[in-house]
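The chain contents come next:
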Amino acid sequence: MIYFRVRLRFRKRDDIRWISHHDLVRTFERWLRRAGLPLRRSEGFHPKPKLSFPSALALGIAALDEVLEFELTEPLDLAELRQRLDRTALPGLEAAEILTVSRADAKPQLQRVTYELPIPPANGPRLVEQIAQLQAASAYWFQRAGADEPADLKAGLDQLEFCDGKLRFSLAASQPRCARPREVLAALGVAQLESEGCCLTRTRVELAARSHNSNEERNKSHEEGNVDQCVATGGMPDRDR
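So, a few notes on the structure that sits alongside this text. Owing to the predicted nature of the structure, the values given are computational and were not obtained by experimental measurement.

**Thoughts on the environment of Gln192**
Okay, step 1: Inspection of the secondary structure puts Gln192 in the loop between helix 4 (181–187) and strand 10 (201–207).
Okay, step 2: The exposure class of Gln192 is partly exposed, given its relative accessible area of 33%.
Okay, step 3: For the pair Gln192 and Arg182, spaced ten residues apart in the sequence, the C-alpha separation amounts to 10.0 Å.

**Section: the pattern of salt bridges**
Okay, step 1: Tallied over the entire structure, the rule returns 19 salt bridges.
Okay, step 2: In this structure, Glu71 engages Arg40 in a salt bridge whose closest nitrogen and oxygen atoms are separated by 2.6 Å. Here Glu71, found in strand 3 (residues 62–72), pairs with Arg40, found in the loop between helix 1 (21–34) and strand 2 (51–52); they are 31 residues apart in sequence, far enough to count as distant.
Okay, step 3: A salt bridge links Arg182 to Glu194, with the shortest nitrogen-to-oxygen separation between them at 2.8 Å. Separated by twelve residues along the polypeptide, Arg182 in helix 4 and Glu194 in the loop between helix 4 and strand 10 bring together distant segments of the chain.
Okay, step 4: A single salt-bridge network, built from bridges that share partners, covers Arg9, Asp65, Glu97 and Arg204.

**So, the side chain of Glu69**
Okay, step 1: Secondary-structure assignment places Glu69 in strand 3.
Okay, step 2: Only 2.7 Å separates the side chain of Glu69 from the side chain of Arg7, close enough to count as a polar contact.
Okay, step 3: Beyond its immediate sequence surroundings of up to four residues, Glu69 is in contact with Arg5, Val6, Arg7, Lys50, Leu51, Ser52, Val101 and Pro108.

**What to know about the nonpolar core**
Okay, step 1: If you look at the biggest cluster of nonpolar residues, it comprises 31 residues, and the most contacted ones within it are Leu117, Leu167, Phe169, Leu171 and Leu188.
Okay, step 2: Setting aside its immediate chain neighbours within four residues, Leu117 contacts Gly165, Lys166, Leu167, Leu185, Val190, Leu193, Cys198, Cys199 and Leu200.
Okay, step 3: Core analysis: the next-biggest nonpolar cluster, separate from the first, contains 20 residues, Leu8, Phe28, Ala35 and Leu68 among them.

**What to know about unusual backbone geometry**
Okay, step 1: Of note, the phi angle at Asp14 is positive, near 60°, even though the residue is not glycine.
Okay, step 2: Relative to the helices and strands, Asp14 resides in the loop between strand 1 (4–12) and helix 1.

**Let's talk about the packing of aromatic side chains**
Okay, step 1: Enumeration according to the criterion identifies five aromatic pairs in this entry.
Okay, step 2: Ring centres 4.7 Å apart and planes at 65° place the aromatic pair Phe10 and Phe28 in the edge-to-face group. On the criterion of sequence distance, the pair formed by Phe10 in strand 1 and Phe28 in helix 1 is long-range, its members being 18 residues apart.
Okay, step 3: Given a relative accessible area of 1%, Phe10 falls into the buried group.
Okay, step 4: Look at Phe28 and you get buried, because its relative accessible area is 0%.
Okay, step 5: Taking the centre distance of 5.6 Å and the plane angle of 20° together, the rings of Tyr115 and Phe169 count as stacked. Here Phe169 lies in strand 9 (residues 166–172) and Tyr115 lies in strand 5 (residues 110–118), a separation of 54 residues in the sequence.
Okay, step 6: Among the aromatic residues, those joined into a ring-pair cluster are Phe10, Phe28, Trp31 and Phe53.
Okay, step 7: The ring of Tyr3 is capped by Arg40, whose NZ or CZ atom sits 4.1 Å from the centre of that ring.

Cut-offs applied
Residues numbered from 1 in each chain as written. Predicted model: local features only at pLDDT ≥ 70, side-chain atom pairs only at ≥ 80, totals over all residues. Heavy atoms only, no water. Helix = DSSP H or I, 4+ residues; strand = E, 2+ residues; numbered from the N terminus. Buried < 20%, exposed > 50% of the residue type's maximum accessible area, 1.4 Å probe, protein only. Salt bridge = Lys/Arg side-chain N within 4 Å of Asp/Glu carboxyl O. Polar contact = N/O pair within 3.5 Å; in protein donor to acceptor, adjacent residues only side chain to side chain. Contact = heavy atoms within 4.5 Å. Core = buried A, V, L, I, M, F, W, Y, C linked by side-chain atoms within 4.5 Å. Phe/Tyr/Trp six-rings, centres within 6.5 Å; stacked < 30°, edge-to-face > 60°. Lys NZ or Arg CZ within 6 Å of the ring centre and 35° of its normal.

This is the structure:
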């Protein structure tokens, strides 16, 4: 079946940040259906649109750069696609960027995410001290609930800074047992600020470099090997075999 892959970067703000990831998936199903998109669906008794989120967002966290991929059974002009999504979007959900993706590319893999939290002036001096202590330590071990072994908070933590009244930090998803954003807030002593009205926001989602499916790679390697062999023997590569 011929289909077309679309990658949507979207924003999730205001009251809709309080819905769970499961409810967000259902919300997107209704949004794309209202937009009248020719969605590719799964097979079976209860077909669903084929949606792919590389990372689920925790409840209560706003987002400015989330990623979703879906598939269409017919090609659509990107300008028309944006118009349909903008016309049917719910308050708090907004399409930021729309791109087409090659079918040969693997599913998107998360590489790094960046967060931001506004800090009240009264909490600034203490936060600066906490950041300095955390950066000076070679490791910061903590025990996650339900885990058998402690994890190092600093293993995937980088770009930690307090600037212009905001705490910013990035987490590398490639690290095993990478810290969660609220675990970073707890280590810095500012976890309570969310309950006081400060909104934690995921500002950037970075994906790993594009890679092709394994079958595509095997076919490509096979063809390149045939070409190399035929250059040496003066023959033609067996692309049609």
